[in-house]
Amino acid sequence: MNYTKYLLFIYFLFYSGIYSLAQNPKPVVSVIEPFPTLNPKLDSLLHECKKAIADTARIKLYLGIGDIYENTKPDSAIYYYQKAQSLAEKKLATSQSSTIKVINTIKKYLAISCRYIGTIYLYQGLYDKAIEYYLKSLKITKEIGDKKEMAKCYNNIGMVHDNEGSYDKAIEYYFKSLKIFEELSKQNEDILLKGEAKKGMSQCYNNIGIVHTKHHNYDKAIEYYFKSLKIFEELSKQQGNAVLSREAKKGMAQCYNNIGNVHYYQGSYDNAIEYYLKSLKIKEELNDKKGMSNCYNNIGGIYIIQSSYDKAIESYLKSLKIREELGDENGIAQVWSNISELHITLADSVAVTNTEKNKHYNEAIKYALKAINLAKEINAMSLVNCNAAHLQQVYKALGNISQSLYYAELFIATKDSMFAGEKTIALAEMETKYKAEKKQLEIDKLEKQKALDNETMQRQKAESKRQQVIIFSFIFGFIIILTFSVIISRLFLQKKKANVLLLKQREEISTQRDEIEAQRDKLSNQNNLLTGQKKEITDSIIYARRIQQAMLPDLFLTLSKEEGKRSFIGGGLDEVFILFKPKDIVSGDFYWATIVETSHALSLHDTHKILVVAVADCTGHGVPGAFMSILGISFLNEIVRKKEVTQASQILDQLRISIIDALKQKDISSDISTLLSVKDGMDIALVAINMETLECQFAGANNSLYIVSNSKFQISNSRKHNSEGDKLSDKSSGNPKPEISNLKPETNDLLEIKGDKMPVAIYVNMKPFTNKSVQLNKGDIIYLTSDGYKDQFGGPNNKKFKAKQLKELLIDNCNLSMKEQKDVLENTLVNWIGRGEQIDDITMLGIKI
């Protein structure tokens, strides 16, 4: 008996729409509506949407229309949400020149659209699609820093995991949402914003309580429900915000309903009734008739458990009356089905005599037939299936085997077709929409036809009048003469008016000509002013070029200041060329060289000379690049000449530290997006050559070293690591023992030694620069270059020159003198550019050993 009552109540819970512990078709607080004011009647919104011109206004209206359809026609809702999403994406693509505030506003609408679409997929059980759109929304809200929207996304993602049964993940996301809402409630002084944040906290508490209910942790569930209820009660008492107060009361009703469910699961039916009645009272205050109907269904189910069948039927009839007022055909069929099931229970459990049993069976048949017929009309297969089961059971009890068999077959058939029927709901809605639009088009067509008919009638009347005029003209000749006289008189008057108008136009043209001349003089003065300003700026930049050129080293003087000639004793440097072509007046590229005498690691008296040469490409070109080049030259003088650091990799390590300090590039490696936006720095190729042993050390940042030689090379690689954040000592400290491997050149005559793939600046993954060592021989030629030469566009197809072609050019002309090589390189570049434009600063330095 008790088992039958329990199953019956579970059935009532399912068909009255509260099986998910909520009081409406939405999951409890699965969506927190951000625009409570955008909820007018549908026809008003559609009318406003047609009149709206601004895209942002149309996006908001689309969201409002989708919100109205959300609980009744989810396919229509998702249609309008996707229109809002598409319009926001289109607007965002064409608003790149807009202000950050405008772009962020559009991104916020795009995030809201994605979140709403995810919610529809959540209702439909398409959890993967729901997660996809929630994550899109979350990504956008993180970009614009909208914490409130982030909290809503976390809350909705928790709902997906809750429905999937992943309760640990659900709890995790609910607490993420709760944490943000708590922060917002403390930060905001504005009463409205603070109230919205507290409402979000309360909804999170409610959702966490639902998870504990599903885990049968009823004490914990009650604790969180009361936390939620307390906040909702506080918000309902706030003055000056009717919308928030109403939402808070709705939340209180949800909490009372969920607390009633917990008491039901614990078997405390009196307490369950008490809280259901509290929920009902609020629903009555809010005039939420659908919610009232659901409450009466819940209460009726409890009365069945308590065997209070009269009260149960009374509650069901109240629910039925409300749903009939609302025209809720699905709800009406559900209540009839519930009453039918109740009479079956009375016949099986309470009735003593056959007369009483037959009376209840007949009542059950009456309500089941009403329910099944209405369900067929509205295509509610689940209700057809349920009531077919009722009728099969009743007819079997009455001994009507043929009817029992008929409804048993109907039960099986509808059970098999239910899933297919559910899939066709969307198609049915689309067909209904198509028919409505088709009907509207027919109406429009009829109206146009009516207008055309009216126009035809008017033309016919005009033609009839014209014919009458002709007939009357022939009859009354004097009317023709009078008409002719009138026409001549009117022509004369018109000509007179035309002459007056022409004179007036001439005066206007003269006035406009004077205004144009005045504007021309004004533009001429402004042009002269701009020309003067341009000259002043150009003169300043030209003077800056003199300063920059003064800071660039005299390479020949640098290489021969000790010996007084252009070569070094004992196989030193023989020839040098420098190809230096700034794109603008000043250059972002620079070259640098110096000679340093250093002591041997084992003897202070044993010294040797180190030639340090570098070619660097700073960020940008023109004035910004020139400023950066001056910084680079100054720091290299400090590091090499004063601190006497001669190991190539250590020079670049210390140069990077100086650049980061000078440009205040703090450690932002945790924020990848910000780090990628920091591009100030330089690419560089640097060699340090022992003038006695001709051992060449190389370190590079995105730039390579080219060596032309007929000999095989022996290269060593080393990278010094330091436990203190890869910081290097100021003084050179001997090269570490390298790993040595024999490498062949890329061609028979040229070897490219590539630098590290990172700039001399802040970077995502900064490591110490690699020190590469190679033994040079007399007659070898080394080339240091920026990327300007190989990246220059030109040629017959206007393509880049590229490194491969540059290498071939160096190899083909390596036997020429360094001056001749420079001429070949310069002429090749000029011919390659042709009538085009130089796109970057170009610097190349060649040294023959």
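This section reports on the structure supplied with the text. (Residues numbered from 1 in each chain as written. Predicted model: local features only at pLDDT ≥ 70, side-chain atom pairs only at ≥ 80, totals over all residues. Heavy atoms only, no water.)

### Some remarks on unusual backbone geometry
Phase 1 of the analysis: Backbone geometry places H216, a non-glycine residue, at a positive phi of 65 degrees.
Phase 2 of the analysis: Note that H216 resides in the loop between α9 (191–214) and α10 (218–236).
Phase 3 of the analysis: Not every positive phi belongs to a glycine, and N702 is a case in point at roughly 70 degrees.
Phase 4 of the analysis: Considering the arrangement of structural elements, one finds N702 in the loop between β5 (695–701) and β6 (705–708).
Phase 5 of the analysis: On the accessibility criterion, N702 (30% relative accessible area) is partly exposed. (Helix = DSSP H or I, 4+ residues; strand = E, 2+ residues; numbered from the N terminus. Buried < 20%, exposed > 50% of the residue type's maximum accessible area, 1.4 Å probe, protein only.)

### Focus on the environment of L663
Phase 1 of the analysis: Looking at where L663 falls in the secondary structure, it is placed in the loop between α23 (648–662) and α24 (672–677).
Phase 2 of the analysis: Ignoring sequence-local partners within four residues, the contact set of L663 consists of M628, L631 and D680. (Contact = heavy atoms within 4.5 Å.)

### Section: the nonpolar core
In summary, soluble globular proteins display a tendency toward joint burial of nonpolar side chains.
Phase 1 of the analysis: Ranked by size, the top nonpolar core spans 77 residues in total, and within it I59, L63 and Y81 carry the most contacts.
Phase 2 of the analysis: Counting residues per element, this core draws most heavily on helix α5 (residues 100–123), which supplies twelve residues.
Phase 3 of the analysis: Core analysis: the next-biggest nonpolar cluster, separate from the first, contains 57 residues, F590, L705, I753 and V774 among them. (Core = buried A, V, L, I, M, F, W, Y, C linked by side-chain atoms within 4.5 Å.)

### Let's talk about the packing of helix α14 (residues 309–326) against helix α15 (residues 329–349)
Phase 1 of the analysis: Where α14 contacts α15, the two axes come as close as 9 Å, and the packing angle between them is 165 degrees. Considering the angle they form, α14 stands roughly antiparallel to α15. By crossing handedness, the relation of α14 to α15 is classed as left-handed. Two secondary-structure elements touch here, α14 through Y309, A312, I313, Y316, L317, S319, L320, R323 and E324 and α15 through G331, I332, Q334, V335, W336, N338, I339, L342, T345 and L346. (Axes fitted to C-alpha atoms, helices over the stretch in contact; angles between N-to-C directions. Parallel < 35°, antiparallel > 145°, perpendicular 65-115°, else oblique. Left-handed = near helix turned anticlockwise from the far one by under 90°.)

### With respect to the environment of E575
Phase 1 of the analysis: Here E575 shows up in strand β1 (residues 575–581).
Phase 2 of the analysis: Judged by its relative accessible area of 24%, E575 falls in the partly exposed class.
Phase 3 of the analysis: Residues E575 and G846, spaced 271 residues apart in sequence, show a C-alpha to C-alpha distance of 8.3 Å.

### A word on the packing of aromatic side chains
Phase 1 of the analysis: This structure, assessed with the given rule, holds 18 aromatic pairs.
Phase 2 of the analysis: Judged by centre distance (6.3 Å) and plane angle (50 degrees), the rings of F577 and Y783 are tilted. Here Y783 lies in strand β11 (residues 781–785) and F577 lies in strand β1, a separation of 206 residues in the sequence. This pair shows no difference in class: F577 is buried, exactly as Y783 is.
Phase 3 of the analysis: Judged by centre distance (5.3 Å) and plane angle (85 degrees), the rings of Y789 and F801 are edge-to-face. Note that Y789 is positioned in the loop between β11 and β12 (793–794) and F801 in the loop between β13 (799–800) and α25 (803–812), a separation of twelve residues in sequence. Of the two residues examined, Y789 and F801, each falls in the buried class.
Phase 4 of the analysis: Taken together, the ring pairs in this structure connect Y62, Y69, Y79 and Y80 into an aromatic cluster.
Phase 5 of the analysis: The positively charged end of K136 is found above the aromatic ring belonging to Y133, 4.6 Å away from the centroid. (Phe/Tyr/Trp six-rings, centres within 6.5 Å; stacked < 30°, edge-to-face > 60°. Lys NZ or Arg CZ within 6 Å of the ring centre and 35° of its normal.)

### Thoughts on the pairing of strand β10 (residues 771–775)
Phase 1 of the analysis: Counting buried residues along β10, four of its five residues qualify, which places the element largely inside the surrounding structure.
Phase 2 of the analysis: Pairing of β5 with β10 involves four bridges; the strand directions are antiparallel. By the bridge assignment for β10, Q697 is matched with S773. (Pairing = 2+ DSSP bridges.)

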